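Close look at the chain arrangement
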Amino acid sequence: MVKVNSCVFISGAGTNLKALIGSSRNYNFPIQIKLVISNKKNAPGLAFAKKYSIPFMIINVKDSLFEVKILNEIRKKNINLICLAGYMKVLSKTFIKNFKGKIINIHPSLLPKYKGTNTFERMLENNESLAGCTVHYVNEKLDSGKIILRKSFQISKNETLKSLKIKTQKTEYKAFSEAITKLHIKN
Ligand code: GAR
């Protein structure tokens, strides 16, 4: 099968990257990961790129040309899908325009609820009964692009920040790959 050339952006632990690498190693999964980009040089998630010999690039967001450098690399590798997997920087409007309809993000809440950061704290404060994650297209507005897939679960009575994060991320690993199989993308 011809797999779509993809790039995963990370900033931290990279456990979603790990799950995507796992899926992409299946013959029938529609993407291959050609590049990993991190805005943090010490992001633990880079270990997964190294382990699976996936080229990676560390970017310095203070460099005014950093997005141009990413775009150049992405074009060189004929990347047709960007997966934001815990990438904690907002991409510029110009970057998004250049890659319209080809950037997806995973977010740890049931959007449109709890956009932005500190999702778990806010959910618990509000005594929510449902938590989950959302995979969505990225547009110019934060966490507001078209939703591809959401997965939810019940918040238990004695839920803590830690348990909520663990349960959410477990849900994310399935949701991200499932969402990718629903996309209509080609090289
Ligand atoms: C994930 O839970 C993801 O939903 C979240 O960061 C975590 C990254 O974990 N993303 C956001 O909050 C984006 N707004 P990981 O590095 O272990 O994949």
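Shown above is the structure to which this text applies.
Residues numbered from 1 in each chain as written. Predicted model: local features only at pLDDT ≥ 70, side-chain atom pairs only at ≥ 80, totals over all residues. Heavy atoms only, no water.

Focus on the site of the ligand
Around the ligand sit Ala13, Gly14, Thr15, Asn16, Gly86, Met88, Ile106, His107, Pro108, Gln169 and Glu172, and those are all the residues in its vicinity. Contact distances for the ligand include 2.9 Å between an oxygen atom and a side-chain N or O atom of Gln169. The contact in question runs from an oxygen atom of the ligand to an N or O atom on the side chain of Glu172, over 2.4 Å. If the ligand stood free it would expose 450 Å²; the protein chains cover 87% of that surface. Residue classes in the shell around the ligand are distributed as four nonpolar, six polar and one charged. (Near = heavy atom within 4 Å. Polar contact = N/O pair within 3.5 Å; in protein donor to acceptor, adjacent residues only side chain to side chain. Areas by Shrake-Rupley, 256 points an atom, 1.4 Å probe, with all protein chains shown as cover. Nonpolar A, V, L, I, M, F, W, Y, C, P; charged D, E, K, R; others polar.)

Details of the pairing of strand E4 (residues 81–84)
Across the two faces of E4 the burial is the same, with Leu81 and Cys83 and Ile82 and Leu84 all buried. Summarising the sheet, strand E1 (residues 4–10) and E4 pair through four bridges and their orientation is parallel. Bridge pairing links Phe9 to Leu84 in E4. Relative to strand E5 (residues 103–107), E4 runs parallel, the two being bridged by three bridges. By the bridge assignment, Leu84 is partnered in E5 with Asn105. Running through helix H4 (residues 93–98), the crossover from E4 to the neighbouring parallel element E5 is right-handed. (Buried < 20%, exposed > 50% of the residue type's maximum accessible area, 1.4 Å probe, protein only. Helix = DSSP H or I, 4+ residues; strand = E, 2+ residues; numbered from the N terminus. Pairing = 2+ DSSP bridges. Right-handed = clockwise from strand over helix to strand, strands pointing away.)

A closer look at helix H3 (residues 66–76)
Those residues of H3 lying buried are Phe66, Glu67, Ile70, Leu71, Glu73 and Ile74. The buried residues of H3 all sit within an arc of 165 degrees when viewed along its axis, so they share a single face. For H3, the exposed residues set more than 90 degrees away from the buried face come down to Arg75 and Lys76. Where H3 is buried, its residues contact E1, strand E2 (31–38), strand E3 (56–58), E4 and H4. (Arc of directions from axis to C-beta. Contact = heavy atoms within 4.5 Å.)

Re the pairing of E2
The buried fraction of E2 amounts to six of the eight residues, a majority that puts the element mostly inside the structure. The sheet contact formed by E1 and E2 spans seven bridges and is parallel. Within E2, the position partnered with Ser6 by the bridge is Ile33. Between E1 and its parallel partner E2, the chain crosses via helix H1 (residues 15–24), and the hand of that crossover is right-handed. Pairing of E2 with E3 involves three bridges; the strand directions are parallel. Residue pairing across strands places Ile37 opposite Met57, the latter belonging to E3. With helix H2 (residues 46–51) bridging E2 and the parallel E3, this β-α-β connection has right-handed handedness.

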